[in-house]
Amino acid sequence: MSGNGNLMNFVGGQWQRSSSSQYIDLVNPATAQTLTAVPLSPAAEVDAAVQAAAKAFPDWRMTPVGDRIQPLFKFRALLEEHLDEIARTITNESGKIYAESVGEMRRGIENVEVACGAPVLMQGINNEDIARGIDEHMFRQPLGVVVAITPFNFPGMIPLWFLPYALATGNCFILKPSEKVSMTSQLLFRLLEQSGFPPGVVQLVNGGKETVDALLDHPTVKAVSFVGSTPVAQYVYSRATANGKRAQCQGGAKNPVVIMPDADMETTARIMGDSAFGCAGQRCLAASVAITVGEARNTFNELMADVATSRRVGYGLDEGIQMGPVITQESKARIEGLIAKGTQEGANVLVDGRDRSVNGYDDGYWLFPTILDNVNPGGEIAKTEIFGPVLSLMNAKNVDEAIEMVNNRAFGNMACIFTTSGAVARKFRYAADAGNVGINIGVAAPMAYFPFSGWNASFFGDLHAQAHHGVEFYTQTKVVVERWPQEWSRQF
Ligand code: NAD
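Since this is a predicted model, take the numbers as computed values, not measurements.

Enquirer: Explanation requested: the site of the ligand in the structure shown.
Expert: As a structural note, the neighbourhood of the ligand is formed by 28 residues, with Lys176, Glu179, Ser229, Gln250 and Glu385 the closest of them. Between an oxygen atom of the ligand and a side-chain N or O atom of Glu385, the distance comes to 2.6 Å. Within the complex, the protein chains bury 88% of what would otherwise be the 850 Å² of accessible surface of the ligand. The set of elements that each furnish at least two residues to the shell around the ligand consists of α7 (157-168), α9 (209-217), β10 (221-227) and α10 (230-242). Residue classes in the shell around the ligand are distributed as 15 nonpolar, 9 polar and 4 charged. No fewer than three residues from each of domain 1 (2-251 + 458-479) and domain 2 (255-439) sit in the shell around the ligand.

Structure (structure tokens):
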């Protein structure tokens, strides 16, 4: 594993120190202490990883699918065994609380489990006698060398949205994790190393933009999976596809939630607190706008303010803490700038989480839960991704106006409604312009056996991450039409 406090790449079955002269510090956002340094691996190191993967591919592809999933079973068991260590590492490098770190690993492990179904999931289809004596089959074959580029907010789970499916379907896989949270990948790869994958089948290359560009331009890389902000998702999608690669790029979000007057307000406010302020609002499925309908405003806003002010903020490994810091000082400054922008656009700060600190952690990047009321639906703050613990409140006359407000934005990751009316819920489900919809749910995160269905500016591509979509993304179909006339064969 890594030595001298610096992180290493895992290439061709070996841990390797990057030759880069450029390292960036990886900092614990709760303490502002530097934990290690991340190498910005140059193009030559990307090339070495791609070559090692390409070399491993023919044999891995020919390995029967039932054998290919055996190391994944082992990996799953090792993830369970090392869950505590991994979760602590996630908390230390990303700031989220321990329970959230365990939760994200549970979702990651679930993807490993689903990918172990590859012998069934990647089955083809066939018909006998498409014409007299002629049969047609469709096989799924792996692509070759595939890569994933992942964001800071789920250091353990998001790599596992891709890695298990790519490997189980017979591809060789390279991960480029976020340079802000690269320690978790070192642990995942230490476990992958013990799981029994042949050298070159699964590899880790640390780095930043230059590393990503080298992957996007490498002619041997066949497919790119990306998760991150929308501008980078769009860039990665354009560059990868211009280079003839398959790409699935998940971007940012701005998730609206409609609160109907008939909703159970206390439950709704509690769930909304977890959605808006869980992971310090740094989830692509965080509720970021609450649209109350009619008189729902009167009770909901007050309850929501209580939920926000009572949330215990601090270092995620300390007892009883419900919310950690935001990821960097820059992120904190950016979010504070957006709160100020909201007030310039006419919003009132109902709960102000700025200028707060946590005892014993004076240097952490703290921003407490914040609520902006009367947010201007046409303003910037109503449409821009904040990616922090800030909930914007708006009001609509009726459900139709609320749905219009929900759909009046570029993103389409998630939209939710809280109501006790089945008819209203159905209307919303049908009309919401988003790929993940929640009904009386605050974070409508699809289980590993459903696709993670972002739409619009939240996704570039067609096949999403997870489940059947993952299997389809990492395989290409081959259709075979065959004829074997009796008269050509030796008669027995
Ligand atoms: P980011 O876009 O800054 O970085 C994501 C990855 O891209 C990192 O590995 C980074 O090294 C790389 N990268 C950054 N800038 C690049 C550039 N100019 N060229 C090439 N590569 C570059 O995202 P982040 O801040 O790490 O993550 C937060 C964002 O991710 C939010 O917008 C959030 O909504 C989004 N996200 C989306 C989903 C989803 O499923 N849609 C899930 C999680 C996070």
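Enquirer: Sorry if this is basic, but what is going on with the sheet that holds strand β14 (residues 348-351) here?
Expert: Sheet architecture is open: 7 strands sit in the order β14-β15-β16-β13-β12-β18-β19, paired in mixed fashion. Both edges of this open sheet fall to β14 and β19 (436-439), since each of them pairs with a single strand only. Adjacent strand axes in the sheet meet at a mean angle of 25° when their direction is disregarded. As paired elements, strand β18 (residues 414-418) and β19 share 4 bridges and run parallel to each other. Looking across to β19, one finds that Ala415 is bridged to Val437. Across the sheet, helix α15 (residues 422-431) touches β12 (255-259), β18 and β19, and the angle it forms with β18 is around 170°.

Enquirer: Is there a simple way to explain helix α5 (residues 98-115) in this structure?
Expert: Think of an α-helix as turning once every 3.6 residues; residues three or four places apart then point the same way. Across its 18 residues, α5 extends 26 Å between first and last C-alpha, which sits within 8% of the 26 Å expected from 1.5 Å per residue. In this structure, the buried residues of α5 make contact with α3 (70-81), α4 (83-94), α6 (118-121), α7, α8 (183-195) and α16 (467-473).

Enquirer: Where do I start with the layout of surface pockets in this structure?
Expert: To find leftover empty space, a probe the size of one water molecule is rolled over the atoms. Approximately 760 Å³ is the volume found for the largest pocket. For the lining of the largest pocket, the elements supplying multiple residues, two or more each, are α9, β10, α10 and α13 (329-344). Across the lining of the largest pocket, the residue classes break down as 14 nonpolar, 13 polar and 8 charged. Split by domain, the lining of the largest pocket shows at least three residues from each of two domains, domain 1 (2-251 + 458-479) and domain 2 (255-439). Estimated volume of the second largest pocket: approximately 380 Å³. Together, 18 residues line the second largest pocket, and Arg107, Phe154, Arg283, Val443 and Ala445 are the ones closest to its centre.

Enquirer: Hey, could you run me through the nonpolar core in this one?
Expert: Side chains of a nonpolar character, in soluble globular proteins, are inclined to be buried together. Leu79, Phe173, Phe189 and Met272 are the most contacted members of the largest nonpolar core, which totals 147 residues. Broken down by element, this core gets its largest block of residues, 10 residues, from α7. Residues lining this core come from more than one domain, with at least three contributed by each of domain 1 (2-251 + 458-479) and domain 2 (255-439).

Enquirer: Would you mind going over the sheet that holds strand β5 (residues 125-131) with me for this structure?
Expert: Two orientations exist for strands paired in a sheet by backbone hydrogen bonds: parallel and antiparallel. Taken in spatial order, the 3 strands line up as β5-β6-β22 in an open sheet, and their pairing is antiparallel. Edge positions in the open sheet fall to β5 and β22 (475-483), since each of these has one partner strand only. The sheet shows a mean angle of 25° between the axes of neighbouring strands, taken without regard to direction. With 9 bridges joining them, strand β6 (residues 134-142) and β22 adopt antiparallel strand pairing. If you follow Glu136 over to β22, its bridge partner there is Val481.

Enquirer: Would you take a moment to explain α7 for this structure?
Expert: Under the 1.5 Å per step criterion, the end-to-end length of α7 is 17 Å for 12 residues, consistent within 8% with the ideal 16 Å. For α7, a buried count of 12 out of 12 residues is recorded, marking the element as mostly surrounded by other parts of the structure. Burial in α7 covers these residues: Met157, Ile158, Pro159, Leu160, Trp161, Phe162, Leu163, Pro164, Tyr165, Ala166, Leu167 and Ala168. Gly170, located one to two residues past α7, shows a positive phi value of around 100°.

Enquirer: What should I look at first to understand the domain arrangement of the protein chain in this one?
Expert: Interfaces are frequently sized by the accessible area removed from exposure as the parts join. In terms of domains, the protein chain is made up of domain 1 (2-251 + 458-479) and domain 2 (255-439). Measuring from the centre of the C-alpha atoms in domain 1 to the corresponding centre in domain 2 gives 31 Å. If you look at the interface, domain 1 gives 23 residues, while domain 2 gives 25 residues. The junction of domain 1 with domain 2 conceals about 1900 Å² of combined surface from both sides, 66% of it contributed by carbon and sulfur atoms. Summed over the shared surface of domain 1 and domain 2, the number is 7 residue pairs in polar contact (both at pLDDT 80 or more). Secondary-structure elements contributing two or more residues to the side of domain 1 that touches domain 2 are β3 (23-28), α4 and α5. Per-element accounting of the side of domain 1 that touches domain 2 gives the leading share, 5 residues, to α4.

Enquirer: Help me understand the pattern of salt bridges in this model?
Expert: Pairs can form between side chains of opposite charge once their charged atoms are near each other. Counted according to the given criterion, the structure contains 18 salt bridges. Across the pair Glu113 and Arg76 runs a salt bridge whose closest N-O atoms are separated by 2.7 Å. You can see Glu113 sitting in helix α5 and its partner Arg76 sitting in helix α3, a full 37 residues away along the chain. The salt bridge involving Lys176 is made with Glu179; its shortest N-O contact spans 3.4 Å. Among the ionic contacts, a cluster of salt bridges with common partners joins Arg76, Glu80, Arg106 and Glu113.

Enquirer: What is the right way to read empty space enclosed by the protein from this model?
Expert: Scanning the entire structure with this criterion turns up 3 cavities of 30 Å³ or more. Estimates place the volume of the largest cavity at around 90 Å³. In terms of lining, the largest cavity is formed by 14 residues, of which the most central are Gly281, Arg283, Ala286, Ser288 and Phe387. Residues belonging to the lining of the largest cavity are distributed by class as follows: 7 nonpolar, 4 polar and 3 charged.

Thresholds, definitions, all that
- Residues numbered from 1 in each chain as written.
- Predicted model: local features only at pLDDT ≥ 70, side-chain atom pairs only at ≥ 80, totals over all residues.
- Heavy atoms only, no water.
- Near = heavy atom within 4 Å.
- Polar contact = N/O pair within 3.5 Å; in protein donor to acceptor, adjacent residues only side chain to side chain.
- Areas by Shrake-Rupley, 256 points an atom, 1.4 Å probe, with all protein chains shown as cover.
- Helix = DSSP H or I, 4+ residues; strand = E, 2+ residues; numbered from the N terminus.
- Nonpolar A, V, L, I, M, F, W, Y, C, P; charged D, E, K, R; others polar.
- Domains from an automatic or database assignment.
- Pairing = 2+ DSSP bridges.
- Axes fitted to C-alpha atoms, helices over the stretch in contact; angles between N-to-C directions.
- Contact = heavy atoms within 4.5 Å.
- Expected span 1.5 Å × (residues − 1).
- 1 Å grid on protein atoms, 1.4 Å probe; cavity = no way out; pocket = protein on both sides within 12 Å on 5 of 7 lines; lining within 4 Å.
- Points joined across faces, edges and corners; volume = space filled by probe spheres on them.
- Core = buried A, V, L, I, M, F, W, Y, C linked by side-chain atoms within 4.5 Å.
- Buried < 20%, exposed > 50% of the residue type's maximum accessible area, 1.4 Å probe, protein only.
- Buried area = accessible area lost by both parts, 1.4 Å probe.
- Salt bridge = Lys/Arg side-chain N within 4 Å of Asp/Glu carboxyl O.

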